[in-house]
Structures are given as structure tokens and as C-alpha cells.
Amino acid sequence: MNTNAKRLTIADIAELTGVSKTTVSMVLNGRGNNFRIKPETQEKILAIAKQYHYKANSVARALQSQRSNTIGLVIPDFSNLGFAATTKTLERLCRDNGLQLIIACSDELLKQEAIAIERLLDRQIDLLITTPIKDDAEYYRNLNINVPVIQLDRCTKNSKTPYIVTDDESAVIELIYTLCQRHQLTEFYYLGGQAELRPSTARLAGFKQGLQKANLALQADWIIQTSYYADSAYLAFEQLYQRLGRLPEALFTGSYALLEGVLRFLNDHHLLDHLTEGKMRLSTFDDYELLNCLPFKINSIQQDHQKIAQHLFHMLQAILQNEEVQNQIIPARIIWRS
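Only a predicted model underlies this, so the values are computations on that prediction, with no experimental measurement involved.

(A) Fine view of the sheet that holds strand 11 (residues 328–330). Pairing in this open sheet of 6 strands is parallel, and the strands run 2-1-3-4-5-11 from one edge to the other. The open sheet has two free edges, formed respectively by strand 2 (100–105) and strand 11, since each of these has just one partner strand. On average, each strand axis in the sheet is inclined to that of its neighbour by 15 degrees, with strand direction left out of account.

(B) Quick peek at the packing of aromatic side chains. Throughout the structure, instances matching the rule amount to 9 aromatic pairs. Residues tyrosine 256 and tyrosine 288 carry aromatic rings whose centres are separated by 4.5 Å and whose planes lie at 80 degrees to one another, so their mutual orientation is edge-to-face. Here tyrosine 256, found in helix 11 (residues 256–268), pairs with tyrosine 288, found in the loop between strand 9 (281–285) and strand 10 (299–302); they are 32 residues apart in sequence, far enough to count as distant. This pair shows no difference in class: tyrosine 256 is buried, exactly as tyrosine 288 is. The rings of Phe188, Tyr190, Phe207 and Phe252 are connected pair by pair, giving a single aromatic cluster. Across the ring face of tyrosine 139, the terminal group of lysine 134 is positioned such that the distance to the ring centre comes to 5.7 Å. Looking at arginine 182, its charged tip hangs above the ring of tryptophan 336, at a distance of 4.7 Å from the centre.

(C) A look at the pairing of strand 5 (residues 163–166). Judged by which residues are buried, strand 5 turns out to be covered on both faces: Tyr163 and Val165 on one side and Ile164 and Thr166 on the other are all buried. Looking at chain direction, strand 4 (residues 149–152) and strand 5 are connected through 2 bridges and run parallel. Within strand 5, the position partnered with leucine 152 by the bridge is isoleucine 164.

About the criteria used
Residues numbered from 1 in each chain as written. Predicted model: local features only at pLDDT ≥ 70, side-chain atom pairs only at ≥ 80, totals over all residues. Heavy atoms only, no water. Pairing = 2+ DSSP bridges. Helix = DSSP H or I, 4+ residues; strand = E, 2+ residues; numbered from the N terminus. Axes fitted to C-alpha atoms, helices over the stretch in contact; angles between N-to-C directions. Phe/Tyr/Trp six-rings, centres within 6.5 Å; stacked < 30°, edge-to-face > 60°. Buried < 20%, exposed > 50% of the residue type's maximum accessible area, 1.4 Å probe, protein only. Lys NZ or Arg CZ within 6 Å of the ring centre and 35° of its normal.

Now the structure itself:
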């Protein structure tokens, strides 16, 4: 037999060692002792496998065990630092526990999301984690997803699909109320992302309740909603600045990407000094180390991405073991810089 001409199989190892294919399979799957296979036989099989760089056929193994040990993840934006932080920890947890995490991106496009899900299902994944673009559970049921699903950061309405999200609302209430009281604000603008998404509704609800708690009457034109992209925020804030003829007294951005768009506008128009002088109070949802390096102070809400990833991993483990899981709502905390 020319073992270099093709990929080594269990049958090849059986021929080289003079034992049955069943015996080889037991040893290579770490069950030699369970079936009382002689130590010298196990050593011989493992030596041959190592000599010829044997690699198990993952497809055949998956068919045999009805498990691919592969998890699919669809996120809306690869450049979102929050998703990147969660994904980094989750991938390590999967890798350390014998699971492979395959990541795809929807780019906040329904068609791309459907394609990403379909391709992951084609890979015979055991479970799908997704950040849904729509809040319509019926839409996702029609995609015929035939594996368990966990929703991350967003959740669909009227659905039994388990989810893990951040408690956006409580943190935003506390932030807005405290800033209103501390600086005796008379106006406070809100710049958020797509209105129909769960993070948007939760953060806007928190903003409104924070104003109400501070006895600051909300004005209809204080609420501005666009998409969760820096370019969208740049344009929206530019329009606000032109409409007011000045900077607003205070502004809360619903994500770090939106904050980036506002800062780009301020920089392009030489207005950053106004932040240093306290002429506009700027705060945001999401927190990253860069905010500690700026010459002006931006208060922020920090999500616990490590805890989110850990809870997410425990959820997927439980589901793969056919155990019941509970939805998870992870607290956020405020980072005060002023």
C-alpha cells in the first residue's frame, strides 16, 4: 500500500497494524481502555496514526455522532467593536471546549442575512447564534432554520427563541437623569439607530424615562434616529447643527459608531474645543479605552462583553445537552468621566 498517495484512513491503519477497523476506531476515539484493548495494541495504532499524520474525517465523524461540533454566528457588522469583543471571548471558549465557531456577517441586510444563515446550515452546524435584523419571529420561522437558535443583543417579538441582551434601558435612565441634575440641563438631544431594533427601543425608552425622572420636558425634535453607521450620524448631526445654528446643550448617542460620526463632524468643523470648554455635554452607549485618551470628557455606558460571551457559551452548551435555558439580561455600567 502506498500510504503517501492518498489520505490515510482507518482501514489503512487497520491493515498496517493487523487489527480490525473497529479496534482502530475505538483507540483513535480515546475509548481503547473502555473496551480493554491491550496497551501495546493502542500504542501501535497511535504510532502509525502519528507517523502518517492521520486526521479524522470530520464529515464521517459528524454523520456517526450526529454532531458536527460547529456553531454558526451571524452578526450585523464586523467593524462593531462590541460584537468583536463578544465574539473574541466566545470563539476562545468554543475552541477550548472542542467546538468550532464559524462567523458570518449580515451587513444589516435581510438578503445577506438569509444567505449567511443558509450557508451556515449547509455546513451542518449544531446551533445558530444570530443578531436578527427584523423583530418579526414569523419571518425567521419561514427561513426553515432546522437547528436550535440563540439571539444575541436583539430579540424578535412573540418568539420562544432564547436570547441574551444587555439591560440598556436601566443604565440609560441613570445616565440621563444624573447628567440633567448635575448640569441643570434645559435641552438634551438623542441620536439613535434604526427605530425598529430592540437596542434602539430600549435605549430610547431609557432616555425618555431619564428626562421624565429629571423633570425635563421632552421636545419632539430632540429625538433623531438614523442607522447605526458613523456616516449616517455625521449627516444627521450636520443637519442638527445647521438647524440650530449652534451645538446642542447635550447629546446622547445610541452607539459608539454614532459617536464616531459626531466626533468626525466636530473635528472637520473645528468644534472639538467646544467639548473641552463644556459647551456641549456628550455621552454615549458603548465604551472603549480610546475614550480615556481624549482631552475632553465623554460619559459612556459599558456593556460587559466578557460576561455576555460566557453566558452565551453556557446557554449553547445547555441547549446542545437538551437542557432548558433561561433568557439572559446582562447589566451595564456607567463610566463617569466628568
